[in-house]
Amino acid sequence: MKVALIGHGMVSGTHLAALYDSNLVNLHGILGSDVARARTFGGNHCADAKVYPGLAELCADTSLDFAIVTTPPNARKDIVDALVDAGLPILMEKPVERTLKAATEIAVRCKTGGVVAGIVFQHRVRESSQALKTAIARGDLGELVAAEIRVPWWRDQGYYDQAGRGTYARDGGGVVISQAIHTLDLAIWLMGPVATVQAMMATTALHELEAENWAGGLLRFANGAVATLTATTSFYPGGQESIRVQGTRAHAHLEGGVLTVSYLDGRVEHLGETASGTGGGADPMAFTHAWHQAIIEDFANSIEARRAPLCTMRDGLRVHAVIDAMERSSKLGQTVGVVEI
């Protein structure tokens, strides 16, 4: 399948490597805000790809099967409108947009336009994540009662000195919408929708940025389970994100690509291997492109099979709704309900 990559920022290099290694999809063209930079972007990974002078030229390319959008969230609306008008399926990096309202408008635009749309939540495709999803669905853990969600990451000030980084105008917020969104999505995918949130968001003295670099939350899921969430980019030198899930039959610990299930009868099971990195330290891109490749190939297969992709637009809205609730709760200093998606 022929794919166009829109955007040539930090995460685009991961998509380039994923497309280069895939036998299912092929990088057909690139569109960036700087045409000259787009021509040299990626080196040998995109030597045979065309560079579009503008969005209109990309949308007029009838040989394309879908587009991958990696732009900052504030640049999404016009791109999505044009792709929907062209009938091109859209796979986009998280988050959908900066706010729940804007994200919902994009989701509605894709749905009414009859265009398949998916989100890149690459942690879902990891072997350990899939195994925990299966174990929960099988009832191995029993009834889910509690969870702990941790994202103890680090970014240096240089990261936030980049134009727009950590601002509401470009990114829509700080650590929760830019980093912790992946682990939060994973928790929702595993445990179901979140019903209520009580949260606190803050900016520690370690960074200068407009939005938060630390967030804590108390979550109650629709199934009655409760959870704590802590996320930060101010824990030096940065550690692996983790999810612990307690059930009435077993406790599951998912961290760094390894799943450990400890049953109440004394049995212990281990699955997976420790990943070399997930981007939690000073280098945001210190992780394998294999996860992105799996998401891209799943999206391609979903188009051919006329099924929903692994990570749907609705999934993107569900995690947006939790982030929206956290922001409202932090401002009000009280528990708030999560918008039902």
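Check the entry above for the structure.
Residues numbered from 1 in each chain as written. Predicted model: local features only at pLDDT ≥ 70, side-chain atom pairs only at ≥ 80, totals over all residues. Heavy atoms only, no water.

## What about the sheet that holds strand β2 (residues 26-31)?
Strand order in the open sheet formed by six strands is β3-β2-β1-β4-β5-β6, with parallel pairing between adjacent strands. On the outer flanks of this sheet lie β3 (50-51) and β6 (117-120), each paired with one strand and no other. (Pairing = 2+ DSSP bridges. Helix = DSSP H or I, 4+ residues; strand = E, 2+ residues; numbered from the N terminus.)

## Quick notes on unusual backbone geometry
Residue K94 is joined to P95 through a cis peptide bond whose omega torsion reads -15°. Within the secondary structure, P95 is located in the loop between β5 (90-93) and α5 (100-112). In the segment running from Y236 into P237, the intervening peptide bond is cis, with an omega of 5°. Although it is not a glycine, R306 sits at a positive phi angle of roughly 55°. The residue R306 is located in the loop between α9 (290-305) and α10 (313-332) in this model. Looking at R306, the relative accessible area reads 79%, which means it is exposed. (Buried < 20%, exposed > 50% of the residue type's maximum accessible area, 1.4 Å probe, protein only.)

## Notes on the side chain of T260
With respect to the helices, strands and loops of the structure, T260 is situated in strand β13 (residues 258-263). Side-chain polar atoms of T260 contact the side chain of H270, separated by 3.1 Å. Once residues lying within four places of it in the same chain are set aside, the contact partners of T260 are H251, A252, H253, V268, E269 and H270. (Polar contact = N/O pair within 3.5 Å; in protein donor to acceptor, adjacent residues only side chain to side chain. Contact = heavy atoms within 4.5 Å.)

## Concerning the sheet that holds strand β7 (residues 144-152)
Read across the open sheet, the nine strands follow the order β14-β13-β12-β11-β7-β10-β9-β8-β15; overall the sheet is mixed. The open sheet is flanked by β14 (268-271) and β15 (336-337), the only strands paired with a single partner. Where strand β8 (residues 194-202) and β15 come together, two bridges link them in antiparallel fashion. From the neighbouring strand, V197 faces β15, where its bridge partner is V336. Of the strands in this sheet, β7, β8, β9 (214-221), β10 (226-232), β11 (242-247) and β12 (250-255) touch helix α8 (residues 175-191), which is tilted by about 155° from β7. (Axes fitted to C-alpha atoms, helices over the stretch in contact; angles between N-to-C directions.)

## Topic: the packing of aromatic side chains
Inspection of every chain in the model, using the stated rule, returns three aromatic pairs. Relative to F299, the ring of F66 lies with its centre 5.1 Å away and its plane at 70°, an arrangement referred to as edge-to-face. Placement of the pair is F66 in strand β4 (residues 66-69) and F299 in helix α9, with a sequence separation of 233 residues. In this pair, the class of F66 matches that of F299, namely buried. (Phe/Tyr/Trp six-rings, centres within 6.5 Å; stacked < 30°, edge-to-face > 60°.)

## So, the pairing of β11
Both β7 and β11 contribute to a ladder of six bridges, which runs antiparallel. Within β11, the position partnered with I149 by the bridge is I243. One ladder, built from five bridges, connects β11 with β12; its direction is antiparallel. Looking across to β12, one finds that S242 is bridged to E255. Between β11 and β12, which pair antiparallel one after the other, the connecting turn spans two residues.

## Some words on the pattern of salt bridges
Enumeration according to the criterion identifies 15 salt bridges in this entry. The partner of R109 in a salt bridge is D81, and the shortest N-O contact between them spans 3.0 Å. Within this pair, whereas R109 is found in helix α5, its partner D81 is found in helix α4 (residues 76-86), the two being separated by 28 residues in sequence. Judged by its relative accessible area of 24%, R109 is partly exposed. A residue is classified by how much of its surface remains accessible, and D81, at 19% relative accessible area, is buried. Across the pair R138 and D140 runs a salt bridge, and its minimum N-O distance is 2.6 Å. Accessibility expressed as a relative area gives 19% for D140, which makes it buried. (Salt bridge = Lys/Arg side-chain N within 4 Å of Asp/Glu carboxyl O.)

## So, α9
Compared with the 22 Å implied by 1.5 Å per residue over 16 residues, the 22 Å span of α9 between its first and last C-alpha is a close match. All buried positions along α9 are accounted for by W291, H292, Q293, I295, I296, D298, F299, A300 and S302. In the core, the buried residues of α9 are packed alongside α1 (12-21), β4, β5 and β6. (Expected span 1.5 Å × (residues − 1).)

## Regarding the environment of T203
On the secondary structure map, T203 appears in the loop between β8 and β9. For T203, a relative accessible area of 37% corresponds to the partly exposed category. Through-space distance from the C-alpha of T203 to that of H123 is 26 Å; in sequence the pair is 80 residues apart. Those residues in contact with T203, other than ones at most four positions away along the chain, are L209, A211, E212 and N213. There is a polar contact of 2.8 Å between the side chain of T203 and the backbone oxygen of A211.

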